[in-house]
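Listed below are the residues making up each chain.
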Amino acid sequence: MSDQPARSKRDQSCSASSEGSVRAGSRPASAYGWVAALGAAFVATAPAAAAAGEGLTLSEAWVPATPEVGRDIPLLLTIKNETTAPEALMRVRCPIANFSERHTVDRGEGAPAMRAIPNIPIPAGSTLVLLPSAYHVMLLQTREPLEPGKRFTCTIVFQKAGSIETEVEVRKSP
């Protein structure tokens, strides 16, 4: 019995062509060179949308003050998407909390309730304000007391724009 894992027919045909043999009815890799060249030309002329944060503006980032360690607090923030494509907030990393979750407020039957969601959608050409009563990010298990006036930096990760750092202020709750 061989020590090699079993391979599917597709794996076997792929490895056969990569080992230099050409099967009947297949074309050598050089026949597809024009496809690669066309793709490279397209990428070279496409707008530089890969630049982190291009077209997104973050402002008014703040959290409520809390004297206790281990609390869960909302991160409130304004996100302006000036692009022509929708965006999504995927995750948040902050040094003052162990975890974060994206939430929406479900207003189904009964009292409103927070519900964790995989991402927060940001429509093209719009401004989204994260509020405790709507979309927001919860910073879970704070690591230190948070006094009004303190500032720290969080990394906000978006689906297309990548990671953007923003300064967050600790404020008294209204």
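Since the model is a prediction, treat every value here as computed from it, not as a measurement.

Peer 1: What is the right way to read unusual backbone geometry from this model?
Peer 2: With glycine set apart, most residues show a phi of negative sign, and most peptide bonds adopt trans. The phi dihedral of E60 is positive, around 50°, even though this residue is not glycine. Locating E60 in the fold gives a position in strand β1 (residues 56–64). For E60, a relative accessible area of 48% puts it in the partly exposed group. In the Ramachandran plot, Q141 falls in the positive-phi region, its phi being about 60° despite a non-glycine side chain. As for its placement among the helices and strands, Q141 is situated in strand β8 (residues 136–142). Take Q141: its relative accessible area is 37%, and that puts it in the partly exposed class.

Peer 1: How do you make sense of the side chain of H103 when you look at a structure like this?
Peer 2: Inspection of the secondary structure assignment puts H103 in strand β4 (residues 97–106). The class of H103 is buried, set by a relative accessible area of 6%. At a separation of 2.8 Å, a polar atom in the side chain of H103 contacts the side chain of E101. For H103, the contacting residues outside a window of four places in its chain are M114, R115, A116, I117, I120, A134, Y135, H136 and M138.

Peer 1: Help me understand the nonpolar core, please; the structure alone is not making it clear to me.
Peer 2: One broad trend across soluble globular proteins is that nonpolar side chains are buried collectively. Membership of the largest hydrophobic core comes to 29 residues, with the highest contact counts inside it found for V63, I79, L89, V92, L139, I156 and F158. Those elements that provide at least two residues to this core are β1, β2 (73–81), β3 (87–93), β6 (120–122), β7 (126–130), β8, β9 (151–158) and β10 (162–171). Discounting residues that sit within four places of it in the chain, I79 has contacts with L56, T57, L58, L89, I122, S126, T127, L128, L130 and F158.

Peer 1: Where do I start with the pairing of β9 in this structure?
Peer 2: Side-chain positions along a regular strand alternate between the two faces of the sheet. The buried fraction of β9 amounts to six of the eight residues, a majority that puts the element mostly inside the structure. With four bridges connecting them, β3 and β9 associate as antiparallel partners. The partner of R93 across the bridge, within β9, is T155. Note that β9 and β10 share eight bridges and pair antiparallel. When the bridges of β10 are listed, V157 appears paired with S163. Hairpin geometry of β9 and β10 is characterised by an intervening segment of three residues between the two adjacent antiparallel strands.

Peer 1: How should I be thinking about the pairing of strand β5 (residues 113–117) in this particular structure?
Peer 2: Pairing analysis gives five bridges linking β4 to β5, with the strands arranged antiparallel. Looking at the pairing, H103 lines up with A116 of β5.

Definitions and limits used
- Residues numbered from 1 in each chain as written.
- Predicted model: local features only at pLDDT ≥ 70, side-chain atom pairs only at ≥ 80, totals over all residues.
- Heavy atoms only, no water.
- Helix = DSSP H or I, 4+ residues; strand = E, 2+ residues; numbered from the N terminus.
- Buried < 20%, exposed > 50% of the residue type's maximum accessible area, 1.4 Å probe, protein only.
- Polar contact = N/O pair within 3.5 Å; in protein donor to acceptor, adjacent residues only side chain to side chain.
- Contact = heavy atoms within 4.5 Å.
- Core = buried A, V, L, I, M, F, W, Y, C linked by side-chain atoms within 4.5 Å.
- Pairing = 2+ DSSP bridges.

Bear in mind that shape data such as this cannot, by itself, settle questions of function.
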